[in-house]
Structures are given as structure tokens and as C-alpha cells.
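# Observations on the three-dimensional arrangement
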Amino acid sequence: MAEPILIDLPEELSSDRTMVRRYRTSDGAQLFEAVDESREHILPWMPWGPGHACVEDSEKLVRTFHAKWLLREDLPYGMFDKATGRFVGGTGLHRIDWNVRSFEIGYWVRKSAAGQGYVTESVRLLTRLAFESLKANRVFIRCATENLRSAAVAQRNGFIFEGCIRNSIIDADGKVHDVMMFSLIPEDWEALRVV
């Protein structure tokens, strides 16, 4: 297996309507705008939301994302409307175990773009990247049991429900939640590709 830092990765992936791309310097303003618009929408599930108090906070995070992406420690991508270039949310491959080739797909979408299919398309793009380019042995999605919209994304993309992990995440208010776990392994991916 090649050292992760030597693995070439596409900086951009796209579908009919959605583009996911590596964060770039100066994306902080767009990220801040999306988080600021969506605080009540995302905060129950994204405890990092309060860390975006100003544009500079978001720009610092974008630059941290870029550094981690280069080192292959984390693979965060911004989610954009392909036609307009508008930033609609964040996604990426996280909690990477390069030895196992295991990747978590995470995602969030700004309130004004919710329910429009951007997340579903982004998950498809990243699932393909994980299995076809990174030779994944496992790709998984976790979400709080109360976050039914997030669970629906996993199900729409063919991820298999594995079960619940009790008391395993804390939200921005410090409340502990159970988590639903969904996954795909190579055999599942091959079956989905045939359909």
C-alpha cells in the first residue's frame, strides 16, 4: 500500500448538479455565510457550528482543512451547486483508517439548500471515490437516531443499516445521543453498481 500522502486524489468531483471540491484559501467567507444561515438547522447535529463566530474563524478552518487534505489525514470537501458555484454545504471522507481502508462519509447542507438532492449526489460521488480510487474495504455513515433526514441519505444510497451505538455522540448543547450506523463493503458496492 502506498503511503497515504503519495496517493493522488481528485481535487474535484461532479455529478449533473453537484460539485464537491477540495477547500481553497478564501472559501472561508462562503463557509461562514452558509453556517450563519443554518445555525439552528445544523447545530443539533454539528457541534462545531458555534466555532464559526466570524469569517476569520471559518477561513482558519478552511486552511486547516486544506492542510489535512494535503497530508491525507482527513479529506474534507466543499459541496457546491455546479451551475451557479454557490457553496451549499460540506462533506468528505473522515475518520480514515488507511490500514483497513475504512472511510466515514460526513455531510451537512445549508438550510436554503436542504431537500434538493445535493447531499445524496455528494454521497454517491464520495462512495465511488472511496471504492474505485481508494480501494475501500468499508465506507460508513453515522448519524444520531433522531436525525432521520441524514439516515434517509444513507438509505437512498444503498448503505446497509448495521445497528445503533448507544450514547456515542454529544451535540452542541452537551446532550448525548445514540447513533445509527450504516455501511457498505466492496461486495455491497459491486451489487449496487450492477443495479
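You'll find the structure just up there.
Attention in this report is confined to the structure presented alongside it. (Residues numbered from 1 in each chain as written. Predicted model: local features only at pLDDT ≥ 70, side-chain atom pairs only at ≥ 80, totals over all residues. Heavy atoms only, no water.)

### Side note on the packing of aromatic side chains
Taken as a whole, this structure holds 8 aromatic pairs when the rule is applied. Judged by centre distance (6.2 Å) and plane angle (45 degrees), the ring pair of Y23 and F87 falls under tilted. Of this pair, Y23 sits in the loop between β2 (18–22) and α1 (28–42) while F87 sits in strand β4 (residues 87–97), and the two are 64 residues apart along the sequence. We note that Y23, like F87, is buried. Centre to centre, the rings of F131 and W189 are 5.5 Å apart; their planes meet at 10 degrees, and the pair counts as stacked. On the criterion of sequence distance, the pair formed by F131 in helix α3 (residues 118–133) and W189 in helix α5 (residues 186–194) is long-range, its members being 58 residues apart. With relative accessibility at 7%, the residue F131 sits in the buried group. Residue W189 is classed as buried on the basis of its relative accessible area of 11%. The rings of Y23, F65, F80, F87 and W108 are connected pair by pair, giving a single aromatic cluster. Here the basic side chain of R22 rests over the ring of W69, its NZ or CZ set 5.7 Å away from the ring centre. Above the face of the W69 ring, R72 is positioned so that its terminal group lies 4.7 Å from the ring centre. (Phe/Tyr/Trp six-rings, centres within 6.5 Å; stacked < 30°, edge-to-face > 60°. Helix = DSSP H or I, 4+ residues; strand = E, 2+ residues; numbered from the N terminus. Buried < 20%, exposed > 50% of the residue type's maximum accessible area, 1.4 Å probe, protein only. Lys NZ or Arg CZ within 6 Å of the ring centre and 35° of its normal.)

### Things to note about the side chain of T91
Turning to its location among the elements, T91 is positioned in strand β4. Of the polar contacts made by the side chain of T91, one reaches the backbone oxygen of G106; its length is 2.8 Å. If sequence neighbours within four positions are ignored, T91 has contacts with V20, L75, P76, Y77, M79, I105, G106, Y107, S122 and L126. (Polar contact = N/O pair within 3.5 Å; in protein donor to acceptor, adjacent residues only side chain to side chain. Contact = heavy atoms within 4.5 Å.)

### Quick look at the environment of E104
One can find E104 in strand β5 (residues 102–109). Look at E104 and you get buried, because its relative accessible area is 4%. Taking the C-alpha atoms as reference points, E104 and Q155, separated by 51 residues in sequence, lie 15 Å from one another. A distance of 3.0 Å separates a polar atom in the side chain of E104 from a polar atom in the side chain of R142.

### Focus: the nonpolar core
With 38 residues, the main nonpolar core has L93, I105, L134 and F159 as its most contacted residues. Counting residues per element, the ones that place at least two in this core are β3 (75–81), β4, β5, α3, β6 (138–144), α4 (148–156) and β8 (176–184). Counting residues per element, this core draws most heavily on α3, at 8 residues. Setting aside anything within four residues of it in sequence, one finds F159 in contact with I105, V123, T127, V139, F140, I141, A154, F182, S183 and L184. Core analysis: the next-biggest nonpolar cluster, separate from the first, contains 11 residues, M19, A34, V35 and F65 among them. (Core = buried A, V, L, I, M, F, W, Y, C linked by side-chain atoms within 4.5 Å.)

### Some points on the packing of α1 against helix α2 (residues 55–71)
The contact between α1 and α2 brings their axes to 8 Å, and the two run at 120 degrees. Relative to α2, the element α1 lies oblique. In this structure, the crossing between α1 and α2 has a hand that is right-handed. In contact with G28, A29, L31 and F32 of α1, α2 contributes V55, S58, E59, L61 and V62. Taken together, the residues of the contact of α1 with α2 sort by class into 6 nonpolar, 2 polar and 1 charged. (Axes fitted to C-alpha atoms, helices over the stretch in contact; angles between N-to-C directions. Parallel < 35°, antiparallel > 145°, perpendicular 65-115°, else oblique. Left-handed = near helix turned anticlockwise from the far one by under 90°. Nonpolar A, V, L, I, M, F, W, Y, C, P; charged D, E, K, R; others polar.)

### Re the pattern of salt bridges
When the charged atoms of two side chains with opposite charge come close together, those side chains can pair. This model, assessed by the stated rule, comprises 13 salt bridges. In this structure, R95 engages E104 in a salt bridge whose closest nitrogen and oxygen atoms are separated by 2.7 Å. Within the structure, one salt-bridge network assembled from shared partners comprises E33, E37, R86 and R110. (Salt bridge = Lys/Arg side-chain N within 4 Å of Asp/Glu carboxyl O.)

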